[in-house]
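# Notes for the structure review
Each chain is listed here by its residues.
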Amino acid sequence: MFEDFILILDSTVRLSTPLLLACLAGLYSERSGVVDIGLEGKMLGAAFGAGAVAYITANAWLGLMAGIAVSVSLGLLHGFASISNRGNQIVSGVAINFLAAGLTALLGQTWFRQGGRTPALPEGGRFTDIAWPFAEQIRDVPVIGPIYTELLSSHNILVYAAFLAVPLTWWVLFRTRFGLRLRAVGENPAAVDTAGISVTWLRYRAVIACGILCGFAGAYLSIAQGAGFGVNMTAGKGFIALAALIFAKWRPASAMLTCLLFGFLDAVAIRMQGQEVPGIGEIPVQFFQALPYILTVILLAGFIGKAIPPKAAGIPYLKERS
Amino acid sequence: MSLPKARARSEETGQPQGATDNDKEQPSGLGEGMSDTPAIELRKINKSFGPVHANRDIDLVVKKGSIHGIIGENGAGKSTLMSILYGFYHADNGDIVVDGKKVVIPDSKAAIAMGIGMVHQHFMLVDNFSVLENVVLGAEDSQLLAGGLNRARAELKRLEDEYELRVDPDALIEDLPVGLQQRVEILKALYRSAEILILDEPTGVLTPAEADHLFKILEVLRNEGKTVLLITHKLREIMAITDTVSVMRRGEMVATVETKDTSMEKLAELMVGRSVLLRVDKKPAEPEAPVMEVSNLTVTDSRGVQVVKDVSFSVRAGEIVGIAGVSGNGQSELLETLSGIRRATSGTLKIHGETIDLGTSTLNAADMREKSMAHVPEDRHRMGLINSFTEYENSILGYHRDPAYSKGLLMDLAAIKKNAVAEIERYDIRPPNPMLKTANFSGGNQQKIVLAREIERDPEVLLVGQPTRGVDIGAIEFIHRRLVEMRDAGKGILLVSVELDEIRALSDRVLVMFDGRIVGERGANAEEGDLGLLMAGVDNNNSVEGGVQ
């Protein structure tokens, strides 16, 4: 039983990692006032870029770089449309989602001829799990053994990066000049402008930070968790990350807890597949898949407390003509 | 510091002197000549927005260590000029000379570096940041925040001692009253070692007491050698606090004079370009039967606090009853209750031949309009207009159910527009274009749109809140005249205003509200001092029990 529980937690960690990376990505963008519904598209683009390059070079690190490059490019496109040209941020984000979905499938088919998938990764093209020292030796120690060996040890490096990004993001937001300005520009860009800081450049930096983290998230899917890119492999994770961001009220630590919760639901869903629950029968997988959204809607309806977004989120900045 | 003395000396010598300084192209450094160098000199500044020439050949000399007022009607180009000085806009041509040096101000950062600070009309603060965070934003010292925040904390303490600018550095902006928020804006500028402080319509959002406090602060700043540029359209403020005043009219600088050598009337004339009646020309009222009687009205707000306490009064046909008081003493709630927006706890209202129990009535604003009571709300942006709607759409808001404006289920656009055009003409609303969004009208014209809509429905009773807030002099005069005409036509008007001048100029009877009660009633020619004391809750005349203490 305890072993089962540890296994569920272990897969919770694995499943929440891409959510967490994307959620933190969205946090940078939205805290700066740029709503990013294109997390999904950026992740997908990054997953494809990482999968393709990792296959060709047989180097996971180059794959990760490529994923980041694709994701940042898409982010800059979003920035160009919504920051420089003050376009509607939702429309631009949706466009990026469509662009990524179509382009990855098309390029994948053209280049690799496997129905849009990238071929299975060669040796070295994938981030492998890292075993912590003595993991094997203490495996059989009760309680501590499974926790250490299964839960803490033997994840790939991107998992650790994702969870380290949480305190790092908190520190950047609340302890650095960049963070102060980032939070300010999402609340009142005019205050930032009159303080002599460029609103445009600040928001671009936020969008780039968002792109980098989305790059990690996408690469995780195709070259760490999976062994190659599959058509539409993000399967709505970008949207769940967005929901998690709202659920977490745009705060890093809450974002982590929310992503773990959503990841946990996912893990339970997989675990419950085909299993009878006494008295209820088989619970459809779709129920668990829908839970994150249901929870978010309940939150937004005000049952858990108000989620107040950054005040300037979604509004292009325009100097007033007084 | 002997700066005030030095100020009294040289006038109008700025121009040639500034030119020679410029040729030297060197800061004059220390020495005796310092106080003669103007803090700011603008030469032939021009700025156009498309076809609108917002600033035309502006020359301005601001002496160091003085409070320099810039007055003009809304849209005269004051804010544009100051935005150019603060690097927010760029002049099309012309020179800016700061401290004797010709400069280019590409952005706000450059302005700040030159010692220019600005307190904007709409505060540039981040609401969910602390005072401290707002102060350091953009002046953080280093990549990490801790150092900058600590320095700011110490510096705020020093500024607090030096200028009596007290504010809790850890308070969140959204928890502070506007007066304190403005203080944070001033602190922001001082923290960036501003020597020249620009204030754009600083008293628009302040209560009279807060405004007085602000003026004290400005005097302290001047006495410490800072230069203050005060932009306003309120003559009283100019007379009260400035040393020199420049008048702008339609994008041009029409005069710069010493404040002590001028008067409100002269300045008003310069602003408008013709002589203005500061007092309203009206004959004594001939009131008839009451058209509105309010008895024992009590209102409790959402926090459970009684904000209107047992208020009774009547308004007769053919009179203007003014309600004076410092804002926040229950006047707003009184207006909102009578107009059907807010529920009362108890009380009755007699209107249009009916007696309504306000404690139980569920009449809403539309029902009250049916009873021939019109309402010009205090805040036209929040309640009077939908600024993204066109003028003609706004001209029937609240009256859109009137059969005159509909054809079955559809709106009768032709009739609505025809009516809008007629109102535009009668109220001289400019620009005369009913298709324009109301956001594009100036404050005065927006207010005229609201007034036209309410008055032209010919109500028996008109409730008016702050009819001339943020409205320029020409429009004030027009609005006042229109209200008096309405009174002379035999209507009852209840006027709520925090501008004592307005109350005194218009009212036939004045009721003073303090702490939710009506604490006194005065006739048409009430003394200002007398009303002022009443507004502060002190009653001189009826001091029956007060005298015993």
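Residues numbered from 1 in each chain as written. Chains lettered and ligands numbered in written order. Predicted model: local features only at pLDDT ≥ 70, side-chain atom pairs only at ≥ 80, totals over all residues.

Here the focus is the overall build of chain B. Within chain B, the regular secondary structure consists of 19 helices and 22 strands. Here the C-alpha radius of gyration of chain B, 26 Å, is about what a compact globule of 549 residues would show, namely 24 Å. Taken along the three principal axes of its C-alpha coordinates, chain B extends 80 × 60 × 50 Å. Taking all 549 residues of chain B together, 46% fall into the buried category. Intrachain contacts of chain B at a sequence separation of at least 6 include 68% that bridge at least 24 residues. (Helix = DSSP H or I, 4+ residues; strand = E, 2+ residues; numbered from the N terminus. Rg over C-alpha atoms; globule rule 2.2 N^0.38 Å. Buried ≥ 20, exposed ≤ 12 C-beta atoms within 10 Å, placed from the backbone. Contact = placed C-beta atoms within 7 Å.)

The helix and strand inventory of chain A stands at twelve helices and two strands. Going from N to C terminus, chain A has its helices and strands arranged as α-α-α-α-α-α-α-α-α-α-α-β-β-α. Taking 20 Å as the expected radius of gyration for a compact globule of 322 residues, we find that chain A reaches 20 Å, a close match to that expectation. Judged by the C-alpha coordinates and their principal axes, chain A covers about 70 × 50 × 40 Å. Of all 322 residues assigned to chain A, the portion counted as buried reaches 46%. A separation threshold of at least 6 residues defines the contact pool for chain A, and within that pool the share at least 24 residues apart is 77%.

Moving on, we come to the sheet that holds strand 2 (residues 52-62) of chain B. Residues and elements named next belong to chain B. Read across the open sheet, the four strands follow the order 2-1-4-5; overall the sheet is antiparallel. Each edge of the open sheet carries a strand with a single partner, namely strand 2 and strand 5 (101-103). Between one strand and the next, the sheet's axes are offset by a mean angle of 30°, whatever the strand orientation. Where strand 1 (residues 40-49) and strand 4 (residues 93-98) come together, five bridges link them in antiparallel fashion. (Pairing = 2+ DSSP bridges. Axes fitted to C-alpha atoms, helices over the stretch in contact; angles between N-to-C directions.)

In this section: the sheet that holds strand 6 (residues 116-119) of chain B. Residue and element names in this part refer to chain B. If you walk across this open sheet you meet the six strands as 6-7-8-3-9-10, and the pairing is mixed. Across the chains shown, the open sheet's two edge strands, defined by having one partner strand only, are strand 6 and strand 10 (252-258). Direction aside, neighbouring strands of the sheet carry axes that sit 20° apart on average.

Moving on, we get to the packing of helix 6 (residues 157-175) of chain A against helix 11 (residues 252-272) of chain A. A packed helix pair is summarised by two numbers, namely the angle formed by the two axes and the spacing between the axes. All names here are of chain A. Closest axis-to-axis distance for the helix 6/helix 11 pair is 8 Å, and the angle between their directions is 155°. Between helix 6 and helix 11, the interaxial angle falls into the category roughly antiparallel. When you trace helix 6 past helix 11, the crossing you get is right-handed. Across the interface between the two elements, Val166, Thr169, Trp170 and Leu173 of helix 6 pack against Pro252, Ala253 and Met256 of helix 11. Its residues assigned to classes, the contact of helix 6 with helix 11 comprises six nonpolar, one polar and no charged. (Parallel < 35°, antiparallel > 145°, perpendicular 65-115°, else oblique. Left-handed = near helix turned anticlockwise from the far one by under 90°. Nonpolar A, V, L, I, M, F, W, Y, C, P; charged D, E, K, R; others polar.)

Turning our eyes to something else, we now look at the domain arrangement of chain B. Residue and element names in this part refer to chain B. Once the domains are mapped, chain B shows domain 1 (65-86 + 103-272) and domain 2 (290-541). The interface is formed by ten residues belonging to domain 1 together with nine residues belonging to domain 2. Sort the elements by how many residues they give to the side of domain 1 that touches domain 2 and helix 10 (residues 264-272) lands first, with three residues. Here the residues of the side of domain 1 that touches domain 2 sort into four nonpolar, five polar and one charged. (Domains from an automatic or database assignment.)

Ranked by internal contacts, the top residues of the largest apolar core, which has 225 residues, are Leu21, Cys23, Leu213 and Ala244 of chain A together with Ile198 of chain B. Here this core takes 16 residues from helix 9 (residues 199-225) of chain A, the largest share from any one element. A domain-level breakdown of this core finds at least three residues from each of domain 1 (65-86 + 103-272) and domain 2 (290-541) of chain B. What Cys23 of chain A contacts, discounting residues up to four positions off in sequence, is Ala241, Ala244, Leu245, Ala255 and Cys259 of chain A. (Core = buried A, V, L, I, M, F, W, Y, C linked by C-beta atoms within 7 Å.)

All names here are of chain B. Taken together, the seven bridges between strand 1 and strand 2 define a ladder with antiparallel strand orientation. In the strand pairing of strand 2, Glu41 is matched with Val61. Counting the residues in the hairpin turn of strand 1 and strand 2 gives two residues, including Gly50, whose phi is positive at 55°.

Residues and elements named next belong to chain A. When the terminal C-alpha atoms of helix 11 are compared, their 30 Å separation across 21 residues agrees well with the 30 Å that a helix rising 1.5 Å per residue should span. Every buried residue of helix 11 is listed here: Pro252, Ala255, Met256, Thr258, Cys259, Leu260, Phe262, Gly263, Leu265, Asp266 and Ala267. In the stretch just after helix 11, Gly274 is the one whose phi turns positive, near 75°. (Expected span 1.5 Å × (residues − 1).)

Attention now moves to the packing of helix 6 of chain A against helix 9 of chain A. Residue and element names in this part refer to chain A. Between helix 6 and helix 9, whose axes approach to 10 Å, the crossing angle comes to 155°. One finds that helix 6 runs roughly antiparallel with respect to helix 9. Considering the relative orientation of helix 6 and helix 9, their crossing is left-handed. Contact with helix 6, carried on its side by Leu158, Ala161 and Ala165, involves Leu213, Phe216, Ala219, Tyr220 and Ala224 of helix 9 and no other residues of that element. For the contact of helix 6 with helix 9, the class distribution of residues is eight nonpolar, no polar and no charged.

A separate point is the interface of chain A and chain B. Counting residues at the interface gives 18 residues for chain A, matched by 25 residues for chain B. For the side of chain A that touches chain B, the secondary structure elements donating two or more residues are helix 7 (177-187) and helix 8 (189-194) of chain A. At five residues, helix 7 of chain A tops the list of elements feeding residues into the side of chain A that touches chain B. Residues that form the side of chain A that touches chain B fall into these classes: six nonpolar, five polar and seven charged.

This next bit is on the environment of Pro119 of chain A. Residue and element names in this part refer to chain A. Looking at the secondary structure, you find Pro119 in the loop between helix 4 (89-112) and helix 5 (144-152). Given 18 C-beta atoms within a 10 Å radius, Pro119 is considered partly exposed. A C-alpha to C-alpha distance of 26 Å links Pro119 and Ala162, two positions 43 residues apart in sequence. Dropping the residues within four chain positions of it, Pro119 is found in contact with Tyr55, Phe112, Gln114 and Gly228.

Moving on to the confidence of the model for chain B. Residues and elements named next belong to chain B. With 90% of its residues at a pLDDT of 70 or more, chain B shows a mean pLDDT of 85. In the model, residues 1-34 has pLDDT below 50 throughout and makes 30 contacts with residues more than four positions away in sequence or in other chains. Counted against residues more than four places away or in other chains, residues 543-549, with its pLDDT under 50, gives one contact. Predicted complex, confidence summary: ipTM 0.86, pTM 0.74. (pLDDT = per-residue confidence, 0-100.)

Okay, helix 10 (residues 237-247) of chain A next. Residues and elements named next belong to chain A. With nine of its eleven residues buried, helix 10 lies for the most part within the structure. The complete set of buried residues in helix 10 reads Lys237, Gly238, Ile240, Ala241, Leu242, Ala243, Ala244, Leu245 and Phe247. One or two positions beyond helix 10, positive phi appears at Lys249, with a value near 55°.

With an omega of -5°, the peptide bond running from Arg430 of chain B to Pro431 of chain B counts as cis. As for its position among the elements, Pro431 of chain B is in the loop between helix 15 (413-426) and helix 16 (443-455). Although it is not a glycine, Trp250 of chain A adopts a positive phi angle of roughly 60°. Mapping Trp250 of chain A onto the fold places it in the loop between helix 10 and helix 11. Here the phi dihedral of Asp458 of chain B falls at roughly 55°; this positive angle occurs in a residue that is not glycine. The residue Asp458 of chain B is located in the loop between helix 16 and strand 19 (461-465) in this model.

Residues and elements named next belong to chain A. Along the polypeptide, Ile157 turns up in helix 6. For Ile157, a count of 16 C-beta atoms within 10 Å translates into the label partly exposed. Through-space distance from the C-alpha of Ile157 to that of Asn97 is 27 Å; in sequence the pair is 60 residues apart. If we skip the residues at most four places from it in the chain, Ile157 touches Phe127 and Ile130.

Moving on: the environment of Met43 of chain A. Along the chain, Met43 of chain A turns up in helix 2 (residues 39-57). Along the chain, Met43 of chain A and Ile283 of chain A lie 240 residues apart, while their C-alpha atoms are 30 Å from each other.

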